[in-house]
Amino acid sequence: MDTRERLVKAAADLLVEGGKEAVSTRAVATAAGVQAPTLYRLFGDKDGLLDAVAAHGFAGYLSSKHALGATDDPVDDLRRGWDLHIGFGLERPAFYLLMYGEPRKREARLEADAMLREIISRIASAGRLAVPVEQAAQFVHATGLGVVLALIATPEDERDLGLIAFTRENVLRAITVDVAPDEPTDIPSRAIALRTALEEDPPRMMSPAERALLAEWLDRVAK
């Protein structure tokens, strides 16, 4: 284990034991057996160190998210992603609070957010999204965050884990529409699907101004 790894591991251990407040540069340097200047040389400042700790803590989570893969049912993929997200938050609350409990968006969180939007965009492309992609992503994120934080704040023996599935299914009902394979989607869902397709593969025959105008029209139809 090199010096950087020792420092990250020391900081991660302190985070788990005492929360973010326990991760001082002095405590981390002492635990890793190095001088403080070494820490600053490798990470710049405490925020740089916390970024590295967050990435370390989320490495397994992001790996698990990638391992879920994609099926031909993006709604079920979102359902599985929700369960994975909540499970991680409850298993590693200190890392979760570091990632999601403050305004600063760390790099590992940005990757997780991008993966959420990718799944929701697939739902839109399938004509099953009832609201715009960004609105759906924000709703899923905010609701999932609320569930995790509420459960973390509740003593383990008092937690109602049924809240996880109950909230998940209500979120899915709010942002998706059920469509049989041979049944056409409604007009708003079609507009959302077309809007998503245009973002992913902008038509070359249209100017940027024309594409912006079309996007504005589709957004109006989708409401």
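Numbers given to residues run from 1 along each chain, matching the order in which its sequence is written. Under the rules for a predicted model, residues below a pLDDT of 70 receive no local features and side-chain atom pairs below 80 are neither given nor counted, while totals for whole chains, interfaces and linings still include all residues. Excluding hydrogens and water, the side-chain figures rest on all heavy atoms present in the structure.

*Asks:* I tried to follow the overall build of the protein chain on my own but got confused; where do I start?
*Replies:* A run of DSSP states H or I qualifies as a helix once it reaches four residues; a run of E qualifies as a strand once it reaches two. Both are numbered from the N-terminal end. When you go through the protein chain residue by residue, the secondary structure sums to 11 helices and 0 strands. Element order for the protein chain, N to C, with α for helix and β for strand: α-α-α-α-α-α-α-α-α-α-α. Residue burial in the protein chain is summarised as follows: out of 223 residues, 40% are buried. The buried label goes to any residue with under 20% of its type's maximum accessible area, the exposed label to any with over 50%, and the partly exposed label to all in between, with areas taken from a 1.4 Å probe on protein chains only.

*Asks:* How should helix α3 (residues 36-43) be read in this particular structure?
*Replies:* Because an α-helix completes one turn every 3.6 residues, residues spaced three or four positions apart along the sequence face the same direction. Where α3 is concerned, the buried positions are Thr38, Leu39 and Phe43. For α3, the arc enclosing every buried residue in end-on projection is 105°, short of the 170-degree limit, so these residues lie on one face. Turned more than 90 degrees away from the buried face of α3, the exposed residues are Pro37 and Arg41. Here a residue-residue contact requires only that any non-hydrogen atoms of the pair lie within 4.5 Å. Looking at the buried positions of α3, the neighbouring elements they touch are α1 (3-18), α2 (25-32) and α4 (46-68). Once α3 finishes, Gly44 follows within two positions and takes phi at roughly 85°, a positive value. Think of it as the arc spanned by the lines of direction from the helix axis to the C-beta atoms.

*Asks:* So what exactly am I meant to see when it comes to the pattern of salt bridges here?
*Replies:* Note that side chains of opposite charge can pair when their charged atoms are close. Criterion for a salt bridge: a side-chain nitrogen of Lys or Arg within 4 Å of a carboxyl oxygen of Asp or Glu. What the rule picks out here adds up to 13 salt bridges. For Glu102, the salt bridge is made with Arg106, and the minimal N-O distance between the two is 2.7 Å. By the burial criterion, Glu102 is buried, and Arg106 matches it. Across the pair Arg117 and Glu134 runs a salt bridge, and its minimum N-O distance is 2.8 Å. Here Arg117 is found in helix α7 (residues 107-125), whereas its partner Glu134 is found in helix α8 (residues 133-152), with 17 residues between them in sequence. Residue classification places Arg117 among the partly exposed positions, given a relative accessible area of 27%. Look at the salt bridges and you will find they share partners, linking Asp76, Arg79, Asp83, Arg168 and Glu169 into a network.

*Asks:* Looking at this model, I keep getting lost on the nonpolar core. Mind explaining?
*Replies:* For soluble globular proteins, nonpolar side chains are generally found buried alongside one another. By convention a nonpolar core is built from buried Ala, Val, Leu, Ile, Met, Phe, Trp, Tyr and Cys residues, the set being connected through side-chain atoms within 4.5 Å. Formed by 56 residues in total, the largest nonpolar core has its most connected members in Val28, Leu78, Ile120 and Leu129. In this structure Val28 touches Leu7, Ala10, Ala11, Leu14, Val23, Leu39 and Leu49, once residues within four positions along its chain are discounted.

*Asks:* It is not clear to me how the environment of Phe88 should be interpreted in this structure. Could you clarify?
*Replies:* Structurally, Phe88 is set in helix α5 (residues 74-91). Exposure remark for Phe88: the relative accessible area of 8% places this residue in the buried category. Separated by 24 residues in the primary sequence, Phe88 and Ser64 place their C-alpha atoms 9.9 Å from one another. Every residue in contact with Phe88, bar those within four places of it in the chain, is listed here: Gly57, Phe58, Tyr61, Phe95 and Tyr96.

*Asks:* Sorry, what's going on with α2 here?
*Replies:* Within α2 the residues assigned to the buried category are Thr25, Val28, Ala29 and Ala32. For α2, the buried positions fall inside an angular range of 95° around the axis, keeping them on one side. More than 90 degrees from the buried face of α2, the exposed residues found are Arg26, Thr30 and Ala31. On its buried side, α2 packs onto α1, α3 and α4. One or two steps after α2, the chain reaches Gly33, where phi turns positive at roughly 75°.

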